[in-house]
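Architecture at a glance
Spelled out from the first residue to the last, the chains are:
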Amino acid sequence: MLDMPSFLFIEDSKELLKNWFSFGKHHNASPNLWMDAYLSYFAVKNNLELLTFDKGFLQWKNKGLVVQLIK
């Protein structure tokens, strides 16, 4: 996939790994929430649009996440 022109590889930065916890603060403990928070933060910090079936990602729109739900 890395050799295909339609794919883009973006590495994590140390800053990204230090600061994504702000997206994971939530009143419910959930491993899925932590991963969703990381993916959302990664998308925001890299100016990416997130395409998903999961409506749960909409909770980060107020933090700048651009989400497109796939139907």
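All values reported here derive from a predicted model rather than from experimental measurement.

Conventions used here
- What you see as residue numbers is a count from 1 along each chain, following the sequence as written.
- Side-chain atom pairs in this predicted model are given and counted only at pLDDT of 80 or more, local residue features only at pLDDT of at least 70, and totals for whole chains, interfaces and linings cover all residues.
- Each side-chain value is derived from all of the structure's non-hydrogen atoms; neither hydrogens nor water enter the calculation.
- Secondary structure elements are defined from DSSP: runs of H or I of at least 4 residues count as helices, runs of E of at least 2 residues count as strands, and each element is numbered from the N terminus.
- Patch membership is restricted to residues that have no salt bridge and whose relative accessible area is over 30%. Joining uses 9 Å for like charges and 5 Å for the nonpolar side chains Val, Leu, Ile, Met, Phe, Trp and Tyr.
- Note that accessible areas follow from Shrake-Rupley with a 1.4 Å probe, and for residues the cover is restricted to the protein chains shown.
- Salt bridge criterion: a side-chain nitrogen from Lys or Arg within 4 Å of a carboxyl oxygen from Asp or Glu.
- Between buried and exposed lies partly exposed: a residue is buried under 20% and exposed over 50% of the maximum accessible area for its type, with that area taken using a 1.4 Å probe on protein chains only.
- The pairing criterion is simple: DSSP has to find at least two bridges between the two strands.
- Whenever two N or O atoms come within 3.5 Å, that pair is a polar contact, provided that in protein one can donate a hydrogen and the other can accept it, and provided that, for residues adjacent in sequence, both atoms are side-chain atoms.
- By definition, residues are in contact when any of their heavy atoms lie within 4.5 Å.

**Side note on the overall build of the protein chain**
Looking only at helices and strands, one finds 3 helices and 2 strands in the protein chain. Going residue by residue from the N terminus, the α and β elements of the protein chain occur as α-α-α-β-β.

**Looking at unusual backbone geometry**
What is expected of a backbone is that most residues other than glycine have negative phi and most peptide bonds are trans. Positive phi is not limited to glycine here, since Asn47 has a value of about 55°. Residue placement: Asn47 occurs in the loop between helix H3 (31–45) and strand E1 (49–52).

**Observations concerning a nonpolar patch on the surface**
A grouping of Met1, Met4 and Phe7 is seen on the molecular surface, where their side chains present a nonpolar patch of about 350 Å² in accessible area. Note on placement: Met1 falls in the segment before helix H1 (14–19).

**Considering the environment of Lys45**
On the secondary structure map, Lys45 appears in helix H3. Note on Lys45: relative accessible area 47%, which makes it partly exposed. In this structure, the C-alpha to C-alpha distance between Lys45 and Gly64, residues 19 residues apart in sequence, is 9.1 Å.

**Topic: the pairing of E1**
Because side chains alternate across E1, one face comprises the buried residues Leu50 and Thr52, and the other comprises Glu49 and Leu51, none of which is buried. Here E1 pairs with strand E2 (residues 66–69) via 4 bridges, running parallel. By the bridge assignment, Leu51 is partnered in E2 with Gln68.

**Quick look at the environment of Lys55**
Structurally, Lys55 is set in the loop between E1 and E2. Lys55 sits 14 residues away from Leu69 along the chain, and the two C-alpha atoms are 7.0 Å apart.

**Observations concerning the side chain of Thr52**
Summarising the element assignment, Thr52 is placed in strand E1. For Thr52, a relative accessible area of 9% corresponds to the buried category. A distance of 2.9 Å separates a polar side-chain atom of Thr52 from the backbone nitrogen of Asp54. Those residues within four positions of Thr52 in sequence are excluded, and the remaining contacts are Phe57, Val67, Gln68, Leu69 and Ile70.

Nothing here speaks to function; it is all geometry.
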